[in-house]
Amino acid sequence: MRALDRKLLRDLWRLKGQAIAIGAVMAVGLAMFVAYLSTFASLQLTQQAYYDRYRFADVFASVRRAPLAVRPRLEAIPGVARVDLRVVADVTLDLPSLREPATGRLVSIPVPHLPVLNDVFLRRGRYPAAGRADEVLVAEGFALAHDLGPGSVVMALVNGRRRALQVVGVALSPEYVYTVRPGDVIPDASRYGVIWMARDALGAAFDLEGGFNDVAIALAPGASEPAVLAAVDDVLRPYGGLGAIPRRLQVSNWSLSNELDQLRGFGLIVPAIFLAVAAFLLNVVLTRIVSVQREQIAALKALGYSRGALGWHYVTWSLVVGACASVVGVLGGVWMGGGIVGMYNDYFRFPILLYRMPPVVAIGAVAISLAASALGALGAVRRAVQLPPAEAMRPEPPARYRVSLVERLGLGGWLGPAARMVVRNLERQPLRAATSVIGVAMSAALLVVGLFFLDAMAEMIRVQFDLVQRQDVTVSLVEPRGAQALHELERLPGVIAIEPVRAVAVRLHAAQRSRQVAITGLPPNPTLQRVVDVNGRVRDVPPAGLLISRALGDALGVQAGAVIEVEVLEGRRRRVRVPVAGLVDEYLGLSAYMARDALAVLAGEGAVISGVHLRVDPREASILHARLKRLPLVAGVALTEAMVESFDRTLGETMGVMIGFNVLFASIIAFGVAYNAARVSLSERSRELASLRVLGFTRAEISVILLGELVVVTLLAVPLGLAIGHGLAWVVVTAFQTEMYRFPLAVAPRTFAVAAAVAVAAAGVSGLVVRRHLDHLDLVSVLKTRE
């Protein structure tokens with residue numbers, strides 16, 4: 001073993017505490033990088049394989065009712081490779097395990113089984129048999145929520161008639177990887193489920209034996225998607241087509257894609273902060289090593305060691321720390337990634353979702369670690385190679401002490417001797433003090449970022465369900481009805497207040513952009529469902545024109561005052577140019593609102609409704625739910641209480657894991673930065689502290705001098721960290737806004753308090769660890785002076 005290699009091992013062992021602290025910070029960043037990006041790769045690979053094997057369609061379209069004879073015209077469209085015609089209908093389900101009605105989506109499948117687009121994967125049980133009209137497959141999430149399986153019976157209100165559906169199997173489909181009820185943004189497997197039924201049986205139930213109301217289309221390679229969408233709309237328009245959409249806007253795929261984008265963003269942004277802190281720590285420690293080893297460097301140069309050899313020696317010290325951190329970080333990332341994938345298994349339904357570690361991610365993690373290590377060593381290496389041997393043989397000149405700024409301001413009388421020492425030492429090395437402050441501040445900032453998601457979710461729930469949706473129950477109708485339906489629902493037991501609503505499916509066009517949404521028509525001065533912005537202000541729906549969410553405005557690229565084309569996808573399918581009367585900042589989804597009377601004029605229809613909002617007497621809620629389960633005109637029922645529970649559970653469980661990791665990792669950063677700052681200070685001031693001990697100072701008194709700097713650094717860092725954390729929270733909110741969610745920048749005082757407490761506690765623990773070294777200070781060896 002070469003002499004420099006032996007020296008390297010001795011230096012690593014002597015500074016093992018600092019090396020471990022730096023390696024821990026670096027390993028944390030690498031673990032997050034590996035966990036997020038490998039999870040992203042696992043989901044993406046599984047998604048693509050599932051889509052390919054089970055033939056996920058490229059284009060989707062719904063129509064009110066069309067004859068099967070339309071198939072040749074759809075197949076003749078240039079770029080279309082395959083067309084599957086289906087029957088799809090939403091029905092009310094009566095489940096003993098649920099007090100309110102659930103909603104089921106019936107989807108037709110060929111019996112006996114044939115390969116089709118959006119084919120089903122049979123998890124257990126068997127496929128429905130020919131001639132068994134009531135045999136069905138149920139989606140896995142719904143089956144697990146209600147303990148359904150082969151042999152179970154589900155009561156459904158199918159086209160006004162109660163039918164007992166016999167469950168013969170549990171299945172999955174690429175069309176419903178993320179299953180969410182129309183109009184909702186959060187999945188609730190207990191209240192919404194997909195049910196696959198024989199094509200002949202479902203067609204007969206809805207008088208569609210010779211027709212269809214849903215189309216799935218596969219495109220040929222190189223096909224023009226916009227041209228196919230336009231052609232499909234032209235073919236289906238006479239039959240009440242509701243507009244074709246591409247795969248990227250299909251609800252399940254769109255939701256999964258948004259989640260993948262967020263994973264990739266977290267995997268790049270957050271680890272970068274940890275690695276930057278680690279590089280800073282390496283620079284501080286190596287710079288101190290070079291300062292302490294001046295005489296050794298001079299002797300090595302005098303013995304013939306080149307600048308390159310010495311520079312590589314100190315780079316190697318850093319690379320060894322980085323390499324060890326890489327091993328721990330990759331292994332930790334694999335463990336974390338497996339846990340995250342397991343969590344996603346509860347929300348995204350794949351036949352099999354296995355965790356995979358792509359070699360490129362592991363290689364990238366190692367490369368990033370080594371690059372950060374080398375970067376952190378550059379400053380120290382430059383000092384080592386540029387140090388002339390003659391100058392290095394002399395001890396480093398003593399530091400120049402002077403009256404501190406605090407004393408010059410006349411505040412010195414308030415400081416004792418120990419405090420003056422602390423202040424002077426910090427002022428003597430302002431750059432190192434500032435970097436230590438920034439390092440601890442970043443740990444507090446990361447804690448704020450990790451914890452503020454809880455505040456953001458609480459604020460979203462408060463605005464959405466206390467201010468916007470103030471109804472207890474939302475009832476959707478099978479089809480738009482007149483005033484008679486309103487009166488029938490109004491007379492139901494337990495109804496205290498009722499508010500009609502009309503939702504019309506439209507496609508909004510602005511230049512080259514378009515979005516398919518539903519315009520909600522609201523009555524004047526609504527009380528149960530209002531339009532409320534993120535600041536809690538109630539917005540009035542204008543008597544004319546559209547009021548749209550800012551997310552929808554951004555998607556269309558329009559502002560207030562713009563005129564957009566509204567293509568109504570119901571009734572007469574009118575195309576009308578409508579002004580955008582205003583934009584409203586909302587947290588959830590893409591929304592568009594109009595006055596109900598103005599919407600009726602736009603759609604060319606009378607005073608009809610498609611649903612109602614109800615306020616209910618809790619004492620009669622169970623009676624109301626039982627009645628709603630049996631009403632033929634009811635297509636679905638949503639309880640606000642259940643939506644809050646689902647929203648809180650889904651986002652809470654998902655974010656809870658991430659928040660836990662962030663808190664743990666930010667604590668490691670705080671400990672690592674504070675520990676290294678205290679150890680470097682101890683290394684620099686060991687002679688001074690030993691002299692004080694000889695002069696009669698107690699261990700407690702010299703501890704105050706040493707750890708006083710750490711206290712000052714922490715006290716300066718925490719407020720700065722909280723401010724940086726608020727800024728980073730704004731960056732995260734801005735960067736991760738999607739069309740599905742817009743997280744509010746809401747940071748509660750409790751979050752600031754917890755972040756400050758954790759940062760102070762981590763710094764305190766590191767101070768106690770360093771304090772133990774003072775008890776073992778060798779006064780004789782420290783006081784030896786080298787001539």
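You'll find the structure just up there.
Residues numbered from 1 in each chain as written. Predicted model: local features only at pLDDT ≥ 70, side-chain atom pairs only at ≥ 80, totals over all residues. Heavy atoms only, no water.

Colleague: I tried to follow the overall build of the protein chain on my own but got confused; where do I start?
Modeller: Broken down by element type, the protein chain carries 22 helices and 22 strands. The 787 residues of the protein chain split such that 56% are buried. At a minimum sequence separation of 6, the contacts of the protein chain that also span at least 24 residues come to 82%. In the structure as shown, the protein chain presents an accessible area of about 33400 Å², 60% of it carried by carbon and sulfur atoms. (Helix = DSSP H or I, 4+ residues; strand = E, 2+ residues; numbered from the N terminus. Buried < 20%, exposed > 50% of the residue type's maximum accessible area, 1.4 Å probe, protein only. Contact = heavy atoms within 4.5 Å. Areas by Shrake-Rupley, 256 points an atom, 1.4 Å probe, with all protein chains shown as cover.)

Colleague: Please explain the packing of helix H1 (residues 3–14) against helix H9 (residues 307–344) as it appears in this structure.
Modeller: Two elements in contact, H1 and H9, have axes separated by 10 Å at closest approach and are oriented at 40°. As far as their axial angle goes, H9 and H1 are oblique. You can see that H1 and H9 cross each other, and the crossing is right-handed. Along its contact with H1, which presents Leu-4, Lys-7, Leu-8, Asp-11 and Leu-12, the element H9 presents Ala-309, Leu-310, His-313, Tyr-314, Thr-316, Trp-317, Val-320 and Val-321. (Axes fitted to C-alpha atoms, helices over the stretch in contact; angles between N-to-C directions. Parallel < 35°, antiparallel > 145°, perpendicular 65-115°, else oblique. Left-handed = near helix turned anticlockwise from the far one by under 90°.)

Colleague: Explain the pairing of strand E6 (residues 135–139) here, please?
Modeller: Where a strand is regular, its side chains alternate between the two sheet faces. The buried count for E6 comes to five of five residues, which makes it a mostly enclosed element. Both faces of E6 are covered, namely the face carrying Glu-135, Leu-137 and Ala-139 and the face carrying Val-136 and Val-138. The pairing of E6 with strand E8 (residues 161–172) spans five bridges and is classified as parallel. Its bridge partner being in E8, Leu-137 is matched across the sheet by Gly-169. Across three bridges, E6 lies against strand E9 (residues 192–198) in antiparallel orientation. Across the sheet, Val-136 pairs through a bridge with Met-197, a residue of E9. (Pairing = 2+ DSSP bridges.)

Colleague: What should I look at first to understand the environment of Glu-570 in this one?
Modeller: By secondary structure assignment, the location of Glu-570 is in the loop between strand E18 (563–568) and strand E19 (575–584). Put simply, Glu-570 and Val-506 are 64 residues apart on the chain and 7.7 Å apart in space, counted from C-alpha to C-alpha. Among residues more than four places away in sequence, those in contact with Glu-570 are Leu-242, Arg-502, Ala-503, Val-504 and Ala-505.

Colleague: Looking at this model, I keep getting lost on the packing of helix H2 (residues 16–53) against H9. Mind explaining?
Modeller: When two helices pack together, their arrangement is given by the angle between the helix axes and the distance between those axes. Running from N to C, H2 and H9 cross one another at 40°; their axes reach a closest spacing of 5 Å. Judged on the interaxial angle alone, H9 and H2 are oblique. Seen from above, H2 lies across H9 with right-handed handedness. For the contact of H2 with H9, a count of residues per class yields 21 nonpolar, nine polar and no charged. (Nonpolar A, V, L, I, M, F, W, Y, C, P; charged D, E, K, R; others polar.)

Colleague: Just to check I follow, could you spell out unusual backbone geometry for this structure?
Modeller: Across the chain, the bulk of peptide bonds are trans and the bulk of non-glycine residues have phi less than zero. Cis peptide bonds are those with omega within 30 degrees of zero, and the linkage from Val-111 to Pro-112 qualifies with 0°. Positioned with a positive phi, Asn-159 is a non-glycine residue whose angle comes to about 50°. Its relative accessible area of 43% is what places Asn-159 among the partly exposed residues. Phi is positive for Ala-511, close to 55°, though the residue is something other than glycine. Residue placement: Ala-511 occurs in the loop between strand E13 (495–510) and strand E14 (513–522).

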